[in-house]
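Summary of structural features
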There are 2 protein chains.
Amino acid sequence: MRTAPAGTPLGDDFHLYDTTLRDGAQREGISYSVPDKLAVARLLDELGVGFIEGGWPGALPKDTEFFARAAKGELELRHAVLVAFGSTRKAGTTAAKDPQVRALLDAEAPVVTLVAKSDRRHIERALRVDVPEACAMVSDTVSFLVGEGRRVFLDAEHFFDGYAHDPDTALRVLDAAANAGADVVVLCDTNGGQLPLGLAETVRDVKARTGFRLGIHCQDDTSCAVANSVAAVQAGATHVQCTANGYGERAGNADLFAVTGNLVAKLGMDVLPTGGAAELTRVSHALAEIANIAPDTHQAYVGASAFAHKAGLHASAIKVDPLLYNHIDPPSVGNDMRVLVTEMAGRASLELKGRELGVDLAGLPDALTSAVAKVKRLEAEGWSFEAADASLELLLRKEAGEDFASPPFTLESYRVVLDHRSDGEIVSEATVKVHVSGERVIATAEGNGPVHALDAALRKALLPYLSWLDSVELADYKVRILPGHPGTDATTRVLLESSDGDHEWTTVGVHPNIVEASWLAMCDALVHKSRRG
Amino acid sequence: MRTAPAGTPLGDDFHLYDTTLRDGAQREGISYSVPDKLAVARLLDELGVGFIEGGWPGALPKDTEFFARAAKGELELRHAVLVAFGSTRKAGTTAAKDPQVRALLDAEAPVVTLVAKSDRRHIERALRVDVPEACAMVSDTVSFLVGEGRRVFLDAEHFFDGYAHDPDTALRVLDAAANAGADVVVLCDTNGGQLPLGLAETVRDVKARTGFRLGIHCQDDTSCAVANSVAAVQAGATHVQCTANGYGERAGNADLFAVTGNLVAKLGMDVLPTGGAAELTRVSHALAEIANIAPDTHQAYVGASAFAHKAGLHASAIKVDPLLYNHIDPPSVGNDMRVLVTEMAGRASLELKGRELGVDLAGLPDALTSAVAKVKRLEAEGWSFEAADASLELLLRKEAGEDFASPPFTLESYRVVLDHRSDGEIVSEATVKVHVSGERVIATAEGNGPVHALDAALRKALLPYLSWLDSVELADYKVRILPGHPGTDATTRVLLESSDGDHEWTTVGVHPNIVEASWLAMCDALVHKSRRG
């Protein structure tokens, strides 16, 4: 069974193993549909991971369906091998008779990862069996599945705590698995309490005492999951289990993207197919979308801020030599260096940022001065241009004196009415009065909410005059309530992401009234599009 | 100058050093006012850190004002010593004549931390001086400040990269500082590219070669800042620089709370005053509030999810023995274990959660069954009870058959009108028609936005009948736009945090219309309060 998994171009020497669809799905707030799970698996395969743990067939209906649809050909994997996760047989029965074990076979995945307790306290107090029976449960189940033609990995749950408490029991569980034909025994820091130096020592120790092929699975409860995973690889583990963006229970798991970034960029390991590393950022953000979790802007390697420089100090020196201030070259992981516009940044940052946006302020010292002043004033009012390049670009172009004589339209007034009627029906209706191409246009539309109704009314009014409006759609809409500064009311910041199919742009609006804040961001979005055409 | 800093009860053997107010303030999105900075310093002092780096006086006006107000007695520290951060003198002048160095003296902080480049490439290409002059800039500035009665620490910027590239230059910079009287030389992983095993080796090596007192300052660009900081301490560093919640430029700095949790819980180090560790969670969340950044729910030790168990598997076993599934006892860091209610969790979780909320479902199997079904259905529609215990408690009490015959009021209808008038004025007005204490009441009020207006109208209608309403206020309001599932529109989830001064509770509302979603959360909030009285 040690043949290289079909379709793993990197061969079998090192396993990059993803468990986003099983352990990652235990993160608070995540709930994958079956189509979500298929989309996640396709993205992980595009990235080039070696193994994709798809879930626990038999235990969770969605996971059973996922494997059934994958087996029906709905999931074609170029690089990765699909893995079914499950448990060893129950006590006092045989693997062949155990329905949960049968479900693992029915899933038709070429690899099965079995979880087994390796901490005597868990065996005796949670599992309520003795150590010999626990080992028999492992060896029976492994040999049954191997006999059925499956490749088997063993997740030794609570291994590090168990090894510290009673090393003999922990090693007996590993022996039972390896002797029954498991290819990899995975040392799991299930409660996530380990630190790198001690964990690396244990991995070296177990490797020396057993000679087994070792894997590592870390939780982030000490904020060391990535460090622990990398340290384990340096100590001899050749199989590392991660989840996308570190999704997982409690503090989460080891982040696939940070672990991979470290293995590739710091240890020079070739763990992804050619071009894979440059996909890290895109795949990370796409997987966040599917999980419906805002991407962590400060995530290592792939975060929007990972190579964003704010301090005026740095921003000016960066003009000298960017690589002096980045630990790697951002494009190598598909990310970019950004210069942030904030009150802490001076002229240098704004000038650099302008260049990035195609607005050359180098020769316009007065425009640059007033732009810096305006940005500082607006940010003090709660505006934030860090994530709203399109709004910032408009601001800079105005300051640079570019001609905005003809914005596509001007507003006269709007009114939004929300009714919760006595019959329980809820209606949102908006009326806009705008001037476009010399005409005064009045339009009314309904929507499922105030912003949606206002957007619909504006489109209805403008579409006859601005045909390109048809291609623009609202891609994402984020709302942030900003607490008022002393003596002021709270205010609302809206970030609007628009798309015309080819490209996406983000605009910002700030106002105490959420509808007006949304309106301001909508207007910037349309002006941006009308300029680009 | 090696006298123990006044007011540091732990003495001087180990330095827990916080730079939230300087390095942390460089995080994208953070902008501290001077009152913010004073509040942050007070919280850090309550926690018991040894040193608080307040900023860069002279370079940033806010920081200059912060030190001035601290010197005027606006900041009384029980444990911590205030530190002013700054740079060594410019090339070709004397420290005494350098205005930036003078500003460090004027700040009147007992300790000054100087930053100096220790990577020859930075010295020659960014600083544009030769190594002897760079060392002279260090020794002149250190001895001048020591001569003025300051305790001086040196941040050796880019040390690890510099030591790998040219160890002699890096060590010469350390020598210049230590020989001139700097107490601690802090090895900085400025670009954040280090991994723990290699970093620990370098720290041991430098310690052996110099014998100097070493500090560590890590950035999180490999997602190893916490691990690197702890590994450096294990390798001999006795001074560790962190920021609250890891705030900092790019991927951030080492998280003060995770580093402290690890030093205390894993290495058994007594780095906080008695009772300090139990304050970690409270202080972390309070500092997130001041930074106006949502707390990271999955943060190690202090995150709301750090001890939250979701998987049905665990939830049932947890009833047996919680400590088998937590790496530490949550209250020891001021956190709690939580059981999450989600579609993945079964009856066991919901029963446990009910007990946590004071609703005993153990004896009501049918009620438990229908509660599980209802929670699953609502979560499928976009509701989330993970952060809305008050709404969940109401749901469980209803399922348990508790008497809700008399909710405080019933709604007949409401209307909200938003006008953006042609004169530019923006008005939000709401009218509610409700039945309370047998009366039909109609009330109209204005607000600075639709939800504010609706809240105001409802209070106006109910206050004459429900005097307790006076004490209830809207503490926080979060909006999340949920993308529609195939064939459905996007929907809006509102989380409402209410407070009556004594206690805070969170309710949830979900609806395509943001105003109706807010209304639903508002109603739950009031029913919750009317029950508790």
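Our structure's up above, just so we're on the same page.
The structure contained in this document is the topic of the report that follows. Predicted, not measured: the structure shown is a model, and the values here were computed from it. (Residues numbered from 1 in each chain as written. Chains lettered and ligands numbered in written order. Predicted model: local features only at pLDDT ≥ 70, side-chain atom pairs only at ≥ 80, totals over all residues. Heavy atoms only, no water.)

1. So, the pairing of strand 2 (residues 51–55) of chain B
Residue and element names in this part refer to chain B. Most of strand 2 sits inside the fold, with five of its five residues counted as buried. Relative to strand 2, strand 1 (residues 15–18) runs parallel, the two sharing two bridges. Within strand 2, the residue paired with Y17 across the bridge is F51. Running through helix 1 (residues 34–47), the crossover from strand 1 to the neighbouring parallel element strand 2 is right-handed. As paired strands, strand 2 and strand 3 (residues 81–87) are joined by four bridges and run parallel to one another. The residue of strand 3 that forms the bridge with I52 is L82. Note that the unit made of strand 2, helix 2 (residues 61–74) and strand 3 has a crossover that is right-handed. (Buried < 20%, exposed > 50% of the residue type's maximum accessible area, 1.4 Å probe, protein only. Helix = DSSP H or I, 4+ residues; strand = E, 2+ residues; numbered from the N terminus. Pairing = 2+ DSSP bridges. Right-handed = clockwise from strand over helix to strand, strands pointing away.)

2. Observations regarding unusual backbone geometry
Residues and elements named next belong to chain A. Residue S223 is not a glycine yet carries a positive backbone phi of 65°. When you line up the elements, S223 lands in the loop between strand 7 (214–218) and helix 9 (225–234). Note on S223: relative accessible area 21%, which makes it partly exposed. We note that R250 has phi near 55°; this positive angle belongs to a residue other than glycine.

3. Some details on helix 9 of chain A
What sets the pattern is the α-helix's 3.6 residues per turn: residues three or four places apart point alike. All names here are of chain A. A large share of helix 9 lies buried, amounting to nine of its ten residues. What helix 9 keeps buried is the set A225, V226, A227, N228, S229, V230, A231, A232 and V233. Remark: G236 follows helix 9 within two positions and exhibits a positive phi of approximately 125°.

4. Some remarks on the sheet that holds strand 11 (residues 410–420) of chain B
Read from one edge to the other, the open sheet built from six strands follows the order 13(A)-12(A)-11(A)-11(B)-12(B)-13(B), with strand pairing classed as antiparallel. The open sheet has two edge strands with one neighbour each: strand 13 (439–447) of chain A together with strand 13 (439–447) of chain B. With strand direction ignored, the average angle separating the axes of adjacent strands in the sheet is 10°. Along the sheet face, helix 17 (residues 514–532) of chain A touches strand 11 (410–420) and strand 12 (426–436) of chain A together with strand 11 and strand 12 (426–436) of chain B and points at about 140° away from the line of strand 11 of chain A. (Axes fitted to C-alpha atoms, helices over the stretch in contact; angles between N-to-C directions. Contact = heavy atoms within 4.5 Å.)

5. Focus on the pattern of salt bridges
Residues and elements named next belong to chain B. The final tally for this structure, using the stated rule, is 62 salt bridges over all chains. The salt bridge involving R22 is made with E53; its shortest N-O contact spans 2.8 Å. Remark: E53 occurs in strand 2 and R22 occurs in the loop between strand 1 and helix 1; sequence separation between them is 31 residues. Look at R22 and you get buried, because its relative accessible area is 10%. Residue E393 pairs with R531 through a salt bridge whose shortest N-O separation is 3.7 Å. Taken as a pair, E393 in helix 15 (residues 389–399) and R531 in helix 17 (residues 514–532) lie far apart in primary sequence, 138 residues in all. Classification of E393 as buried rests on a relative accessible area of 11%. (Salt bridge = Lys/Arg side-chain N within 4 Å of Asp/Glu carboxyl O.)

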